[in-house]
Amino acid sequence: MMILNIAMDGPVGAGKSSIAGEAARRLGVLHLDTGAMYRALGLTAIERGISPEDEAAVTQLMRAVDISVAHSEFGQRTLVDGRDVTGLIRTPEVSMAASAVGRYAGVRREMVALQQRLASTTPMLVDGRDICLRVLPDAPVKIYLTASPEARARRRWLEMTGKGDETPFEAVLADVIARDEQDMNRDVDPLRPTEDAVILDTTELDFEQSVEAVLRIVKEKYHE
Ligand code: DC
């Protein structure tokens, strides 16, 4: 059977997780959040006292642990050696660690292979940083979701404020810019739109408009 997948990339805070999650739900396909898998590795490194800067140790860790995902009606759960770490991977510390461990070729090779295996079994909307280029180079639909750094930081800040977090906006913006810098300038598969991706800039769009724009792109591509 031919499995039709949708590839989506974009920088931090472009709303990938939430927009991709809702678009996948309406399309009736699973949503694979690959960032959560890098986060799970970053978290595990921190927990085991391994510096995310230590390429050899992190690469070895990637080979030693079993990162898996489970899908429920509430979305993706991410597991390390069977332990559910979903609730532990959204902190700023883990965000930076995920971005750091994602720089290593050995880590990326394993992650890409794992994600390709998952996407080969069932239709999925896969979101991340290297999906259009590496994970699903033959996907019939490729989307690069982006927005201005200020818009991305504002959304993230509003979300954090809603949860009672008092981190100032400037700190959130600085984190967005720092992670963009690291993700877009790493040696291995830096984040950038592939030539065959449709660029969707959501700076001026709200959540519903963004989801509808994704669905429109999917529909148009499938009719080509
Ligand atoms: O999408 P996210 O913010 O949850 O991703 C966390 C980090 O993981 C991101 O800063 C870079 C890394 N990442 C990656 O290198 N490749 C992917 N496909 C997904 C995430």
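Here is what the cut-offs are and how they apply
- Residues numbered from 1 in each chain as written.
- Predicted model: local features only at pLDDT ≥ 70, side-chain atom pairs only at ≥ 80, totals over all residues.
- Heavy atoms only, no water.
- Core = buried A, V, L, I, M, F, W, Y, C linked by side-chain atoms within 4.5 Å.
- Buried < 20%, exposed > 50% of the residue type's maximum accessible area, 1.4 Å probe, protein only.
- Helix = DSSP H or I, 4+ residues; strand = E, 2+ residues; numbered from the N terminus.
- Contact = heavy atoms within 4.5 Å.
- Axes fitted to C-alpha atoms, helices over the stretch in contact; angles between N-to-C directions.
- Parallel < 35°, antiparallel > 145°, perpendicular 65-115°, else oblique.
- Nonpolar A, V, L, I, M, F, W, Y, C, P; charged D, E, K, R; others polar.
- Pairing = 2+ DSSP bridges.
- Near = heavy atom within 4 Å.
- Polar contact = N/O pair within 3.5 Å; in protein donor to acceptor, adjacent residues only side chain to side chain.
- Areas by Shrake-Rupley, 256 points an atom, 1.4 Å probe, with all protein chains shown as cover.

Engineer: In this structure, what is going on with the nonpolar core? I would like to understand it.
Structural biologist: Taken as a class, soluble globular proteins show a tendency for nonpolar side chains to be buried jointly. Core analysis: the biggest nonpolar cluster contains 38 residues, and Leu41, Ile67, Val107, Met111 and Leu136 have the highest contact counts within it. Top contributing element to this core by residue count: helix α2 (residues 34-47), with seven residues. Ignoring sequence-local partners within four residues, the contact set of Leu41 consists of Val58, Leu61, Met62, Val65, Ile67, Val101, Val107 and Met111.

Engineer: Explain the packing of α2 against helix α4 (residues 92-101) here, please?
Structural biologist: For any two helices packed against each other, the geometry comes down to the angle between their axes and how far apart the axes lie. Packing of α2 against α4 brings their axes to within 8 Å, and their N-to-C directions diverge by 105°. Of the possible angle classes, the one that applies to α2 and α4 is roughly perpendicular. Along the contact surface, α2 presents Tyr38, Arg39, Leu41, Gly42, Leu43 and Ile46, while α4 presents Glu93, Val94, Ser95, Ala97, Ala98 and Val101. Looking at side-chain class alone, the contact of α2 with α4 contains eight nonpolar, two polar and two charged residues.

Engineer: I tried to follow the sheet that holds strand β1 (residues 6-9) on my own but got confused; where do I start?
Structural biologist: What the five strands build is an open sheet, ordered β2-β6-β1-β7-β8; its pairing is parallel. Both edges of this open sheet fall to β2 (30-33) and β8 (198-201), since each of them pairs with a single strand only. Sheet twist, expressed as the average angle between the axes of neighbouring strands with direction ignored, equals 20°. Bridge count between β2 and strand β6 (residues 124-128): four bridges; the pairing is parallel. Bridge pairing links Asp33 to Asp127 in β6.

Engineer: Any chance you could explain the site of the ligand here in plain terms?
Structural biologist: Residues in close proximity to the ligand total 15 residues, the closest being Arg39, Arg108, Arg129, Arg179 and Asp183. Between the ligand and Arg39, the relevant distance is 2.6 Å, taken from an oxygen atom to a side-chain nitrogen or oxygen of the residue. Between the ligand and Arg129, the relevant distance is 2.9 Å, taken from an oxygen atom to a side-chain nitrogen or oxygen of the residue. Its free accessible area being 450 Å², the ligand has 98% of it covered by the protein chains. Only α2, α4 and α8 (169-184) provide two or more residues apiece to the shell around the ligand. A total of four residues in the shell around the ligand trace back to one element, the largest contributor, which is α2. When its residues are assigned to classes, the shell around the ligand shows two nonpolar, four polar and nine charged.

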